[in-house]
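Chain and residue survey
Here's the letter readout for the chains.
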Amino acid sequence: MRWSAMWIALAILLASCAGTGVGPEACAPWRPILVGEEDRLGEATARAILAHNRTGRRLCGW
């Protein structure tokens, strides 16, 4: 249930970037999530970060 809420929130936030029609400036507050070598991620967290970054690249031009 918790991951579902995260995905819904992520979709709403990223859709707002695409729906404004003003381009990448609307996405200025949102940035890619960067992961360092020392970070320990579970599979679900890694997939969520990848989805966030791919969606941001597609919608916001990161």
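Notes on the structure in this doc start here. Since the model is a prediction, treat every value here as computed from it, not as a measurement. (Residues numbered from 1 in each chain as written. Predicted model: local features only at pLDDT ≥ 70, side-chain atom pairs only at ≥ 80, totals over all residues. Heavy atoms only, no water.)

What the chain contains, in helices and strands, is two helices and zero strands. Burial statistics for the chain: of 62 residues in total, 18% are counted as buried. A separation threshold of at least 6 residues defines the contact pool for the chain, and within that pool the share at least 24 residues apart is 54%. For the chain, the exposed surface amounts to about 4,800 Å²; the carbon and sulfur share of it is 61%. (Helix = DSSP H or I, 4+ residues; strand = E, 2+ residues; numbered from the N terminus. Buried < 20%, exposed > 50% of the residue type's maximum accessible area, 1.4 Å probe, protein only. Contact = heavy atoms within 4.5 Å. Areas by Shrake-Rupley, 256 points an atom, 1.4 Å probe, with all protein chains shown as cover.)

So, on to a nonpolar patch on the surface. A contiguous nonpolar patch, built from Ile33, Val35 and Leu41 and spanning about 220 Å² of accessible area, is present on the exposed surface. If you trace the backbone, isoleucine 33 turns up in the loop between helix 1 (2-19) and helix 2 (43-60). (Patch = residues over 30% accessible without salt bridge, like charges linked within 9 Å, V, L, I, M, F, W, Y side chains within 5 Å. Salt bridge = Lys/Arg side-chain N within 4 Å of Asp/Glu carboxyl O.)

A few words on helix 2. With 18 residues, helix 2 ought to run about 26 Å at 1.5 Å a step, and its terminal C-alpha atoms sit 25 Å apart, in line with that. Here helix 2 has its buried residues at Ala48, Ile49, His52, Asn53, Thr55, Gly56 and Cys60. For helix 2, the angular spread of the buried residues around the axis is 165 degrees, confining them to a single face. Turned more than 90 degrees away from the buried face of helix 2 sit Glu43, Arg47, Arg57 and Arg58, all of them exposed. (Expected span 1.5 Å × (residues − 1). Arc of directions from axis to C-beta.)

One pass over the full model with this rule turns up one salt bridge. Ionic pairing is found between arginine 47 and glutamate 43, a salt bridge with its closest N-O pair at 2.5 Å. Within this pair, arginine 47 and its partner glutamate 43 are both found in helix 2, separated by four residues, close to a single helical turn. Like arginine 47, the residue glutamate 43 is exposed in the burial classification.

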